[in-house]
Amino acid sequence: METKIDVLGISGSPRKGNTEILVKKALDICEADGLKTKIISLSDDIPMDEILDDMCDARAIIIGSPAYFANVPAKLKNLMDKTNILRQQGRKLKNKFGGAIAVGGHRNGGQEYVILAIHNFMLIHEMLVIGDKDTAHFGGIAVAKNLGDVLNDKDGLETTENLAKRIVEILKGVEI
Ligand SMILES: Cc1cc2nc3c(=O)[nH]c(=O)nc-3n(C[C@H](O)[C@H](O)[C@H](O)COP(=O)(O)O)c2cc1C
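All of these numbers come straight from a predicted model, not from anything done at the bench. (Residues numbered from 1 in each chain as written. Predicted model: local features only at pLDDT ≥ 70, side-chain atom pairs only at ≥ 80, totals over all residues. Heavy atoms only, no water.)

**Comments concerning the overall build of the chain**
So, point 1. Counting secondary structure elements, the chain contains 6 helices and 6 strands.
So, point 2. Ordered by position from N to C terminus, the α and β elements of the chain give β-α-β-α-β-α-α-β-α-β-β-α.
So, point 3. For the chain, the C-alpha radius of gyration of 15 Å lies close to 16 Å, the compact-globule estimate for 176 residues.
So, point 4. Dimensions of the chain, computed from the C-alpha atoms along their principal axes, are close to 40 × 35 × 25 Å.
So, point 5. Summarising the internal contacts of the chain: among those between residues at least 6 apart in sequence, 78% fall at separations of at least 24.
So, point 6. Of the roughly 8,900 Å² of accessible surface on the chain, 50% is carried by carbon and sulfur atoms.
So, point 7. Put simply, the chain has 23 plus and 25 minus side-chain charges, and the middle of one group is 3 Å from the middle of the other. (Helix = DSSP H or I, 4+ residues; strand = E, 2+ residues; numbered from the N terminus. Rg over C-alpha atoms; globule rule 2.2 N^0.38 Å. Contact = heavy atoms within 4.5 Å. Areas by Shrake-Rupley, 256 points an atom, 1.4 Å probe, with all protein chains shown as cover. Lys, Arg positive; Asp, Glu negative; His and termini not counted. Charge placed at Lys NZ, Arg CZ, Asp CG, Glu CD.)

Now the structure itself:
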């Protein structure tokens, strides 16, 4: 089946901040390798139906989220809950690749819990969860408080880039 989007990036932050910067970075890398990408920012009020349609149209989905009390913010949780209809209507996200990016204001601010929440969401949709190439952990993990801080976080940028590289590798066909 022809998909309209290779990689859909969803920034789950209610503001245009560090999460969106990282999701864009990941998509830029995919785009540079010839993949078709699209970004959705939950800071824009996009109708939920449109977001669900885009998720169904994508081969891979990257979800970026800030840590809010070591979890995803309500706006992103709301989207996740709305996607249950896709699961009920025949596992529409099944076998899509999925990756996660988490940004927290503190080094031990719960980014890994946020990643886990996103991965669990993907697994329950029967998606195929992938992590970051070479740095090989859970996806992009960054520390940033104020707007743009993430651009100074070397590890955050590197793990995000490596998540994108892994997605490119998989969508273009890995050698096994
Ligand atoms: C309501 C709220 C809760 C937060 N909780 C956490 C937290 O648990 N751990 C953490 O490291 N940072 C926490 N932060 C800081 C944000 O994760 C951090 O500022 C991040 O950059 C926000 O991403 P954004 O720039 O995309 O909005 C919180 C911020 C807000 C507004």
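Next comes the rest of the write-up.
**So, the pattern of salt bridges**
So, point 1. Inspection of every chain in the model, using the stated rule, returns 13 salt bridges.
So, point 2. When the shortest N-O distance is used, the salt bridge between lysine 172 and aspartate 33 registers 3.7 Å. Of this pair, lysine 172 sits in the segment after α6 (154-171) while aspartate 33 is found in the loop between α1 (18-32) and β2 (37-41), placing the two residues 139 residues apart along the sequence.
So, point 3. Using a relative accessible area of 37% as the deciding quantity, one classes aspartate 33 as partly exposed.
So, point 4. Between lysine 75 and aspartate 45 there is a salt bridge; the shortest N-O distance is 3.4 Å. Highlighted residues: lysine 75 in helix α3 (residues 74-82) and aspartate 45 in the loop between β2 and α2 (48-57), separated in sequence by 30 residues.
So, point 5. Under the relative-accessibility criterion, lysine 75 is labelled partly exposed at 34%.
So, point 6. Through salt bridges with shared partners, one network takes in Lys16, Glu20, Lys24 and Asp44. (Salt bridge = Lys/Arg side-chain N within 4 Å of Asp/Glu carboxyl O. Buried < 20%, exposed > 50% of the residue type's maximum accessible area, 1.4 Å probe, protein only.)

**Comments concerning unusual backbone geometry**
So, point 1. Non-glycine residue alanine 70 carries a positive phi angle of around 60°.
So, point 2. Within the chain, aspartate 134 stands out as a residue other than glycine whose phi angle is a positive 70°.
So, point 3. Secondary-structure assignment places aspartate 134 in the loop between β5 (128-129) and β6 (140-143).

**What about the site of the ligand?**
So, point 1. What surrounds the ligand is a group of 17 residues, the closest being Arg15, Thr19, Ala67, Gly109 and Ala144.
So, point 2. A distance of 2.8 Å is found between an oxygen atom of the ligand and a backbone nitrogen or oxygen belonging to alanine 67.
So, point 3. Taking valine 103, its main chain carries an N or O atom lying 3.4 Å from an oxygen atom of the ligand.
So, point 4. With the chains in place, 77% of the 630 Å² that the ligand exposes on its own is no longer accessible.
So, point 5. For the shell around the ligand, the elements supplying multiple residues, two or more each, are α1 and β4 (97-104).
So, point 6. Grouping the amino acids of the shell around the ligand by side-chain chemistry returns 7 nonpolar, 8 polar and 2 charged. (Near = heavy atom within 4 Å. Polar contact = N/O pair within 3.5 Å; in protein donor to acceptor, adjacent residues only side chain to side chain. Nonpolar A, V, L, I, M, F, W, Y, C, P; charged D, E, K, R; others polar.)

**A few points about the packing of α1 against α6**
Two numbers describe a pair of packed helices, the interaxial angle and the distance between the axes.
So, point 1. Viewed as axis vectors pointing N to C, α1 and α6 meet at an angle of 40°, and their least axial separation amounts to 8 Å. Classified by the angle between their axes, α1 and α6 sit oblique to one another. In this structure, α1 crosses over α6, and the sense of that crossing is right-handed. Contacts between α1 and α6 involve Leu22, Lys25, Ala26, Ile29 and Cys30 on the former and, on the latter, Gly156, Leu157, Thr160, Glu161, Ala164, Lys165, Ile167 and Val168.
So, point 2. Residues that form the contact of α1 with α6 fall into these classes: 8 nonpolar, 2 polar and 3 charged. (Axes fitted to C-alpha atoms, helices over the stretch in contact; angles between N-to-C directions. Parallel < 35°, antiparallel > 145°, perpendicular 65-115°, else oblique. Left-handed = near helix turned anticlockwise from the far one by under 90°.)

By themselves, these are just geometric observations and shouldn't be taken as functional.
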